[in-house]
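Close look at the chain arrangement
Now for the letters of each chain:
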Amino acid sequence: MEKKSWVVLIAAVVAVALLLGATASAQSLQKVRLSEVVRSVFYAPQYVALALGFFEEEGLEVELQTAWGADKGAAALIAGAVDVGFFGPEAAVYIYQQGAVDHIVGFAQLTARDGSFFMTRDVDEEFAWDNVRGKTIVGARIGGVPQMTLEWVLKQHGIKPFEDVEIITSLVFEAAVGAFEAGLGDYIAQFEPALSELEVRGRGKIVASLGAEAGPVSYTVYHARKSILEENPDLFLRFTKAIYRGQLWVNEHSAEEVAEVIAEFFPLIDHEILVRSMGLYQSIDAWHPSPVISEEHFLHLQEIMIEAGELQEYVPFSELMNTTIAQQAMAEVE
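Reading the values: rules and limits
- Residues numbered from 1 in each chain as written.
- Predicted model: local features only at pLDDT ≥ 70, side-chain atom pairs only at ≥ 80, totals over all residues.
- Heavy atoms only, no water.
- Axes fitted to C-alpha atoms, helices over the stretch in contact; angles between N-to-C directions.
- Helix = DSSP H or I, 4+ residues; strand = E, 2+ residues; numbered from the N terminus.
- Parallel < 35°, antiparallel > 145°, perpendicular 65-115°, else oblique.
- Contact = heavy atoms within 4.5 Å.
- Nonpolar A, V, L, I, M, F, W, Y, C, P; charged D, E, K, R; others polar.
- Patch = residues over 30% accessible without salt bridge, like charges linked within 9 Å, V, L, I, M, F, W, Y side chains within 5 Å.
- Areas by Shrake-Rupley, 256 points an atom, 1.4 Å probe, with all protein chains shown as cover.
- Salt bridge = Lys/Arg side-chain N within 4 Å of Asp/Glu carboxyl O.
- Lys, Arg positive; Asp, Glu negative; His and termini not counted.
- Charge placed at Lys NZ, Arg CZ, Asp CG, Glu CD.
- Buried < 20%, exposed > 50% of the residue type's maximum accessible area, 1.4 Å probe, protein only.
- Polar contact = N/O pair within 3.5 Å; in protein donor to acceptor, adjacent residues only side chain to side chain.
- Left-handed = near helix turned anticlockwise from the far one by under 90°.
- Pairing = 2+ DSSP bridges.
- Core = buried A, V, L, I, M, F, W, Y, C linked by side-chain atoms within 4.5 Å.
- Expected span 1.5 Å × (residues − 1).
- pLDDT = per-residue confidence, 0-100.

**Structural notes on the packing of helix 2 (residues 44-51) against helix 11 (residues 233-251)**
Think of two packed helices as two axes; the pair is described by the angle between the axes and how far apart they sit. It is the contact of helix 2 with helix 11, at a shortest axis distance of 8 Å, that shows an interaxial angle of 110 degrees. Classified by the angle between their axes, helix 2 and helix 11 sit roughly perpendicular to one another. Residues Ala 44, Pro 45, Gln 46, Val 48 and Ala 49 of helix 2 touch helix 11, and the partners they reach there are Ala 242, Ile 243, Gly 246, Gln 247, Trp 249 and Val 250. Residues belonging to the contact of helix 2 with helix 11 are distributed by class as follows: eight nonpolar, three polar and no charged.

**Comments concerning a negative patch on the surface**
Together, Glu 256, Glu 257, Glu 260, Asp 270 and Glu 272 give the surface a local cluster of negative charge. The element best represented in the negative patch is helix 12 (residues 255-262), accounting for three residues. Counting through the fold element by element, Glu 260 comes out in helix 12.

**Describing the side chain of Asp 114**
Secondary-structure assignment places Asp 114 in the loop between strand 4 (104-111) and strand 5 (116-120). Put simply, Asp 114 is tucked away with no salt bridge, and the nearest opposite charge, on Arg 113, sits 10 Å away. Among the polar contacts made by the side chain of Asp 114, one reaches the main-chain amide nitrogen of Ser 116 at a distance of 2.6 Å. In this structure the side chain of Asp 114 is engaged in a polar contact, spanning 3.1 Å, whose partner is the side chain of Tyr 219. Residues contacting Asp 114, with those up to four places away along its chain left out, are Phe 42, Val 145, Pro 146, Thr 149, Phe 191, Leu 210, Gly 211, Val 217, Tyr 219 and Ile 284.

**Remarks on the packing of helix 4 (residues 70-79) against helix 5 (residues 90-97)**
Relative to each other, helix 4 and helix 5 sit at 55 degrees, their axes nearing to 9 Å. By the angle class used here, helix 4 and helix 5 are oblique. Of the two possible hands of crossing, helix 4 and helix 5 adopt the one that is right-handed. Residues Ala 70, Ala 74 and Ile 78 of helix 4 touch helix 5, and the partners they reach there are Glu 90, Ala 91 and Ile 95.

**What about the sheet that holds strand 1 (residues 30-36)?**
The five strands are arranged 2-1-3-10-4 in an open sheet whose pairing can be described as mixed. One side of each edge strand has no neighbouring strand; the edge strands of this open sheet are strand 2 (60-66) and strand 4. Ignoring which end each strand starts from, the neighbouring axes of this sheet average 25 degrees apart. In the packing of helix 4 onto the sheet, contacts are made with strand 1, strand 3 (84-87), strand 4 and strand 10 (220-225), and the angle to strand 3 comes to roughly 165 degrees.

**Remarks on the pattern of salt bridges**
Two side chains bearing opposite charge may form a pair once their charged atoms approach each other closely. Here the structure, examined in full by the defined rule, presents 15 salt bridges. With a shortest N-O distance of 3.1 Å, Asp 130 and Arg 133 are connected by a salt bridge. The closest approach of N and O atoms between Glu 307 and Lys 155, which form a salt bridge, is 3.3 Å. On the criterion of sequence distance, the pair formed by Glu 307 in helix 14 (residues 295-307) and Lys 155 in helix 6 (residues 145-156) is long-range, its members being 152 residues apart.

**Remarks on the nonpolar core**
In terms of nonpolar packing, the biggest core is built from 105 residues, with Phe 107, Tyr 222 and Phe 239 touching the most fellow members. A total of eight residues in this core trace back to one element, the largest contributor, which is helix 11.

**Thoughts on the side chain of Thr 111**
As for its position among the elements, Thr 111 is in strand 4. Relative accessible area serves as the criterion here: at 0%, Thr 111 is assigned to the buried category. Once you skip the residues sitting within four places of it in the chain, Thr 111 turns out to touch Phe 42, Tyr 43, Val 217, Ser 218, Tyr 219, Thr 220, Ala 286, Trp 287 and His 288.

**Quick notes on helix 6**
Taking 1.5 Å of rise per residue, twelve residues should cover 16 Å, and helix 6 covers 16 Å from first to last C-alpha, within 8% of that figure. Every buried residue belonging to helix 6 is among Val 145, Gln 147, Met 148, Thr 149, Leu 150, Glu 151, Trp 152, Val 153 and Leu 154, and all of these are buried. Directly beyond the C-terminal end of helix 6, a positive phi value near 75 degrees is found at Gly 158.

**Details of the confidence of the model for the protein**
When the pLDDT values of the protein are averaged, the result is 91; 92% of them are 70 or greater. Scored below 50 in pLDDT, residues 1-25 shows two contacts in the model against residues more than four places distant or in partner chains.

**Observations regarding helix 2**
For helix 2, a buried count of seven out of eight residues is recorded, marking the element as mostly surrounded by other parts of the structure. By the burial criterion, the buried members of helix 2 are Ala 44, Pro 45, Gln 46, Tyr 47, Val 48, Ala 49 and Leu 50. Gly 53 sits one or two positions beyond helix 2 and adopts a positive phi of about 80 degrees.

**Section: the sheet that holds strand 8 (residues 187-191)**
One open sheet holds the five strands; their spatial order is 7-6-8-5-9, and the pairing between them is mixed. Of all strands in the sheet, those with a lone pairing partner are strand 7 (166-168) and strand 9 (205-209), marking the two edges. Between one strand axis and the next, the sheet turns by 25 degrees as a mean value, whatever way the strands run. When strand 5 meets strand 8, the two strands line up antiparallel, connected through five bridges. Across the sheet, residue Phe 117 finds its bridge partner in strand 8, namely Gln 190. Its contacts with the sheet place helix 7 (residues 173-181) against strand 5, strand 6 (136-138) and strand 8, and it is angled at close to 140 degrees to strand 8.

And the structure:
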């Protein structure tokens, strides 16, 4: 055989081997169906873990879907439509209180504060919380943590929700910003990057952070059904290791660098807006430094729920939150 033919043959064999290797590698990944409560830069460590291949390095292929609501995400998890539900622990509390045998359990914490910022329509306003008296706030769904946190903050400033100030709670999450921009309400509480986009367009001014006002709380947590968590702890260990690596990466990089990595998840958002949003979240220490769920933060969440009238008595931390998996994940990553 001529030398040229040998070269072509070897190249073909190598190409086939690489193709088969890639196919085998893809087939060896274990699929995990992940439902996130909403799409927001607030969850940057998760998107970093996805974009940089941390899940694949743990042998996982994540199928990401957005529920647009903790109630919807929890329903999908209970029904077995997803393997991991990412939402506020209040959903786990509600389900537990209903007496579910196979209730849902949190196993990794991502955020440590409310991710909502507070915007006034009047860009010239010298803001003080007393200014909201007699006005209208575009809020969130009753029973959800964003709305309960808003009510908590107002009460801390001596303002009675629904008495001293009107709060609109009937809008779905994804419609609230458009309604505010169209003229509804005097103020709005909402996640980034939506408010930064409005601010750049001159439609309002960000004046406060509800997360900074309310203090640390177990805000968004990864959950699984209790039975599945017990049957397959290795799956959730590997998942948590990827999340922890995402947390570490975000903590070690600038807003500009994080924005660059997560841009693929926000194709319609300008890079400058992403950088601005990341800077806002970094400024309030939005992310938990580790995936280990904080009992103190979970207690504060329940304080907020009780104050909002959505919870009658405290639920034991050990019943709804698992810290063993996250502790092991940290030990293995470090």
